[in-house]
Structures are given as C-alpha cells and as structure tokens.
Amino acid sequence: MRQEERKRYVVSLFSGVLLAALFLWGAVAQAHPPKNITVAYDAGTATLIVTIEHSVKDVEKHYIDEIRILKGGAELAQGKPSRQTDTEQEIFTVNLPGLKSGDILTVDAKCNIFGTLRKDVPIP
C-alpha cells in the first residue's frame with residue numbers, strides 16, 4: 001500500500017469510528033432513568049397506584065419495562081409493561097390487600113433503554 005492510500009484508509013477508518021460513536025452517543029443521550037416514583041393506596045379496594053415519572057417521545061420505543069414492588073425485601077408484585085401509559089409517566093395499578101398507612105414499600109422502575117430508579121415510598 002502506498003503512503004497516499006494508507007492515509008485515505010486511516011482517514012476513512014477514523015471517520016467511520018467517529019460517526020458510529022456519535023450515533024451511539026445520540027441514542028444513549030435520549031435514554032434516561034425514571035425521574036420520580038409516587039404511590040397512592042385505596043384501603044377500601046386494596047388498590048395500590050404507582051406513578052413513575054419518565055418523559056419520553058415515543059411510548060412504543062422508550063418506556064418503563066419493569067416494575068417491582070417490595071416490602072421488607074419480599075416481592076409483593078411485579079409488572080412488565082410493553083409500552084408506557086403516556087409520554088410523561090407510567091401508571092401501574094395492582095391489588096395489594098393488607099397494606100397500612102405508614103408501611104414502607106420499595107419500588108424499582110427500569111427503563112427499557114437505560115437506567116433504573118429504586119425508591120422507598122411510604123403508604124400515605
């Protein structure tokens with residue numbers, strides 16, 4: 001290979017690697033973990049409503065794909081949505097009898113692209 005050909009090869013290779021890195025960085029930059037988790041509990045119906053703040057542009061491609069609810073380390077419920085409720089949040093509703101005001105639940109929420117939020121939340 002002549003020196004001129006080697007230069008073109010190196011420049012082409014470097015440009016390709018740089019372009020791939022920029023593309024991957026752009027995809028990761030748009031992915032982010034959930035922002036916040038809140039809960040509401042209706043003791044009369046034993047319904048727990050978990051609201052997970054996670055703003056996205058496309059609820060089909062970028063969403064919360066796993067939710068776990070634990071109490072004292074024991075898993076009480078799990079959800080695996082395949083899309084997000086809307087562009088601002090995921091709302092997960094589950095029947096959990098026996099919870100009392102002041103109980104502390106641990107909620108894990110995982111983004112299908114990047115990031116997880118784990119938060120201890122008291123039952124209001």
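Residues numbered from 1 in each chain as written. Predicted model: local features only at pLDDT ≥ 70, side-chain atom pairs only at ≥ 80, totals over all residues. Heavy atoms only, no water.

> Explain the pattern of salt bridges to me, and be specific about the residues and the numbers.
Counted according to the given criterion, the structure contains seven salt bridges. Here K80 ties to E66 by a salt bridge, and the two come within 3.8 Å at their closest N and O atoms. Residue K80 is found in the loop between β4 (74-79) and β5 (89-95), and its partner E66 is found in strand β3 (residues 64-71); the two are separated by 14 residues along the sequence. Residue K80 is classed as exposed on the basis of its relative accessible area of 57%. One salt bridge connects D108 with R68, and the closest N-O pair in it is separated by 3.4 Å. Of this pair, D108 sits in strand β6 (residues 104-111) while R68 sits in strand β3; the two residues are 40 residues apart in sequence, bridging distant segments of the chain. Here D108 falls in the buried class, since its relative accessible area comes to 11%. By sharing partners, the salt bridges in this structure join R68, E75, D108 and R118 into a single network. (Salt bridge = Lys/Arg side-chain N within 4 Å of Asp/Glu carboxyl O. Helix = DSSP H or I, 4+ residues; strand = E, 2+ residues; numbered from the N terminus. Buried < 20%, exposed > 50% of the residue type's maximum accessible area, 1.4 Å probe, protein only.)

> Lay out the sheet that holds β4 with the relevant residues and their values.
The strand order across the open sheet formed by four strands is β4-β3-β6-β7, and the pairing between neighbours is antiparallel. Two strands in the sheet have a free side with no partner beyond their single neighbour: β4 and β7 (116-122). Strand-to-strand twist of the sheet, defined as the mean angle between neighbouring strand axes without regard to direction, takes the value 20°. (Pairing = 2+ DSSP bridges. Axes fitted to C-alpha atoms, helices over the stretch in contact; angles between N-to-C directions.)

> Could you give me a rundown of the nonpolar core, with the residues and numbers involved?
Membership of the largest hydrophobic core comes to 21 residues, with the highest contact counts inside it found for L48, V50, I69 and V107. Breaking this core down by element, the ones donating at least two residues are β1 (36-42), β2 (47-53), β3, β5, β6 and β7. Among residues more than four places away in sequence, those in contact with I69 are L48, V50, A74, E75, L76, A77, F92, V94, L96, L105, T106 and V107. (Core = buried A, V, L, I, M, F, W, Y, C linked by side-chain atoms within 4.5 Å. Contact = heavy atoms within 4.5 Å.)

> Pulling in residues and values, what's your account of the environment of Y41?
Looking at the element boundaries, Y41 is found in strand β1. Exposure remark for Y41: the relative accessible area of 16% places this residue in the buried category. Discounting residues that sit within four places of it in the chain, Y41 has contacts with A46, T47, L48, L96, P97, G98, L99 and I123. A polar contact is formed between the side chain of Y41 and the backbone oxygen of L96, at a distance of 2.6 Å. (Polar contact = N/O pair within 3.5 Å; in protein donor to acceptor, adjacent residues only side chain to side chain.)

> Mind laying out the pairing of β3, listing which residues take part and the relevant values?
As judged from the six bridges shared by β3 and β6, these two strands associate in the antiparallel manner. Opposite L70, over in β6, you have T106 as the bridge partner. Where β3 and β4 come together, five bridges link them in antiparallel fashion. Each bridged residue has a counterpart across the sheet, and for I69 the counterpart in β4 is A77. Two successive antiparallel strands, β3 and β4, enclose a turn made up of two residues, where G72 displays a positive phi of approximately 60°.

> Residues and numbers for the side chain of Q84, please.
Among the secondary structure elements, Q84 is positioned in the loop between β4 and β5. Leave out the neighbours within four places in its chain, and Q84 touches H54, V56, V59, H62, Y63, I64, Q89 and E90.

> How would you sum up the sheet that holds β2? Please name residues and give values.
What the three strands build is an open sheet, ordered β1-β2-β5; its pairing is antiparallel. Strand pairing shows two members of the sheet lacking a second neighbour, β1 and β5, which therefore form its edges. Here the average twist between neighbouring strands, direction ignored, is 15°.

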